[in-house]
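# Structural characterization, general
The primary structure of each chain is shown beneath.
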Amino acid sequence: KEPIPQYSGMSLRDWFAGQALIDVRIRTHIAKASGHIVSESSPRDTATEAYIIADAMMEARKVKP
């Protein structure tokens, strides 16, 4: 593996959270479209969920196959 160069921009964790945010929003949309009753999450709760997923992704990177 090559090291990821350091820069003063978005961290890998932030990028993972952004990708997870897409999944979080799509799951809500699909549930609503399927007729399920879905309570709306606040933006803070949605962001928190995305970062929880991002943290899990960061941990998964540490696991060797």
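Residues numbered from 1 in each chain as written. Predicted model: local features only at pLDDT ≥ 70, side-chain atom pairs only at ≥ 80, totals over all residues. Heavy atoms only, no water.

### Some points on the overall build of the protein chain
To be explicit about the condition: The secondary structure listing takes helices from DSSP runs of H or I that are at least 4 residues long and strands from runs of E that are at least 2 residues long, numbered from the N terminus. Whether a residue is buried, partly exposed or exposed follows from its accessible area with a 1.4 Å probe, protein chains only, as a fraction of its type maximum: under 20%, in between, or over 50%, in that order. It only takes one pair of heavy atoms within 4.5 Å for two residues to be counted as in contact. Exposure was quantified through the Shrake-Rupley algorithm and a 1.4 Å probe, taking into account, for residues, occlusion by the shown protein chains and nothing else.
Assigned secondary structure in the protein chain consists of two helices and zero strands. Expressed as a percentage of the 65 residues in the protein chain, the buried residues total 12%. Counting contacts in the protein chain only where the partners sit at least 6 residues apart, residues at least 24 apart contribute 72% of the total. A total accessible area of about 5500 Å² is found for the protein chain, and carbon and sulfur atoms account for 62% of it.

### Some details on the packing of helix 1 (residues 12-33) against helix 2 (residues 43-62)
To describe two helices that pack against each other, one gives the angle between their axes and the distance between the axes. Cut-off, in case you're wondering: Between N-to-C directions, angles span 0 to 180 degrees; the directions come from axes that are lines fitted to C-alpha atoms, helices contributing only their stretch in contact. When describing relative orientation, an angle under 35 degrees is termed roughly parallel and one over 145 degrees roughly antiparallel, while 65 to 115 degrees is termed roughly perpendicular and anything else oblique. By definition, any crossing whose near helix is turned counterclockwise from its far helix by less than a right angle is left-handed, and any crossing with a clockwise turn is right-handed. Throughout, the ten residues Ala, Val, Leu, Ile, Met, Phe, Trp, Tyr, Cys and Pro are labelled nonpolar, Asp, Glu, Lys and Arg are labelled charged, and all others, Gly among them, are labelled polar.
Running from N to C, helix 1 and helix 2 cross one another at 125°; their axes reach a closest spacing of 7 Å. By the criterion of interaxial angle, the relationship of helix 1 to helix 2 is oblique. Of the two elements, helix 1 crosses helix 2, and the hand of that crossing is right-handed. Contacts between helix 1 and helix 2 involve Leu12, Arg13, Asp14, Phe16, Ala17, Ala20, Leu21, Val24, Arg25 and Arg27 from the first element and Thr46, Glu49, Ala50, Tyr51, Ile53, Ala54, Asp55, Met57, Met58 and Arg61 from the second. The class makeup of the residues in the contact of helix 1 with helix 2 is twelve nonpolar, one polar and seven charged.

### Some thoughts on the pattern of salt bridges
Spelled out, the test is: Should a side-chain nitrogen of Lys or Arg be within 4 Å of a carboxyl oxygen of Asp or Glu, the pair is scored as a salt bridge.
On inspection of all chains with the given rule, the structure shows four salt bridges. Its salt-bridge partner being Arg27, residue Asp23 comes within 2.8 Å of it at the nearest N-O pair. Here Asp23 and its partner Arg27 are both found in helix 1, four residues apart, which amounts to about one turn of the helix. One salt bridge connects Arg27 with Glu49, and the closest N-O pair in it is separated by 3.0 Å. Here the residue Arg27 occupies a position in helix 1, and Glu49 occupies one in helix 2, the gap between them amounting to 22 residues. Residue class for Arg27 comes out partly exposed when judged on its relative accessible area of 41%. One network of salt bridges, in which partners are shared, links Asp23, Arg27 and Glu49.

### Some details on the nonpolar core
Cut-off, in case you're wondering: We define the nonpolar core as a collection of buried residues of types Ala, Val, Leu, Ile, Met, Phe, Trp, Tyr and Cys that are connected through side-chain atoms lying within 4.5 Å of one another.
If you look at the biggest cluster of nonpolar residues, it comprises five residues: Phe16, Ala17, Ala20, Ala50 and Ala54. Breaking this core down by element, the ones donating at least two residues are helix 1 and helix 2. Here the element with the most residues in this core is helix 1; it accounts for three residues. Setting aside residues no more than four positions away along its own chain, Ala54 makes contact with Arg13, Phe16 and Ala17.

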